[in-house]
Amino acid sequence: SPAVLRDLWCGGHLPSCRWVHCFFAGVDSIQPFALRHLLPAKVPLSNGRGAFSSSLAEYAMAAALHFNKQVPRCMKNRDERRWEKFVMGELRGKTLGLLGMGDIAQACAALGRAFGMRVVCLRRNASKRPEGEGAHADLVLGPYE
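What counts and what doesn't
- Residues numbered from 1 in each chain as written.
- Predicted model: local features only at pLDDT ≥ 70, side-chain atom pairs only at ≥ 80, totals over all residues.
- Heavy atoms only, no water.
- 1 Å grid on protein atoms, 1.4 Å probe; cavity = no way out; pocket = protein on both sides within 12 Å on 5 of 7 lines; lining within 4 Å.
- Points joined across faces, edges and corners; volume = space filled by probe spheres on them.
- Helix = DSSP H or I, 4+ residues; strand = E, 2+ residues; numbered from the N terminus.
- Nonpolar A, V, L, I, M, F, W, Y, C, P; charged D, E, K, R; others polar.
- Core = buried A, V, L, I, M, F, W, Y, C linked by side-chain atoms within 4.5 Å.
- Buried < 20%, exposed > 50% of the residue type's maximum accessible area, 1.4 Å probe, protein only.

**What to know about the layout of surface pockets**
Its boundaries defined by the atoms lining it, the largest pocket holds a volume of some 460 Å³. Taken together, 23 residues make up the lining of the largest pocket; nearest its centre are G100, M101, G102, D103 and R123. Residue assignment for the lining of the largest pocket shows that the elements contributing at least two residues are α3 (53-68) and α5 (103-114). The element best represented in the lining of the largest pocket is α5, accounting for four residues. Of the voids in this model, the second largest pocket is the one considered here, and its volume is about 160 Å³. Listed by contribution, the elements that provide at least two residues to the lining of the second largest pocket are α1 (2-10) and β1 (20-22). Taken together, the residues of the lining of the second largest pocket sort by class into seven nonpolar, three polar and no charged.

Written out as structure tokens, the structure reads:
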């Protein structure tokens with residue numbers, strides 16, 4: 001928390017601090033603190049970018065499968081001991097829309113492509129496209145396109 005970090009730093013509890021690491025990918029919440037205290041003290045700030053990308057991408061695909069395969073309906077049928085014939089959809093051929101193209105979105109895009117999905121991404125700068133491992137989007141759009 002920015003408040004805890006500020007209290008520890010300004011309260012003199014971290015006199016030997018040589019490095020600050022944010023467990024999460026984003027450091028926006030501590031940016032004001034970092035600019036005011038860490039930068040002048042030349043204390044580097046790092047983050048956990050990429051640490052949870054695979055796990056979160058798997059969760060996103062699990063959610064897509066959950067609804068596409070109608071898991072609640074199947075569970076209800078099981079609980080009611082009923083055999084209901086119905087057609088389950090496939091992810092293949094559907095479109096996966098992503099906001100941003102950071103590590104998590106790139107991991108989602110790779111899994112979406114593995115399922116045969118079309119991957120469309122909206123990012124601030126559409127001309128800035130990931131290369132190599134992260135180039136899984138079929139279409140990258142900017143906010144004004």
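**Remarks on the nonpolar core**
Counting residues in each nonpolar core, the largest one holds 16 residues, and the members touching the most others are L98, M101, V119 and A137. Counting residues per element, the ones that place at least two in this core are α3, β3 (95-99), α5 and β4 (118-122). Per-element accounting of this core gives the leading share, four residues, to α5. W9, C17, I30 and F33 belong to the second largest nonpolar core, which has nine residues in total.

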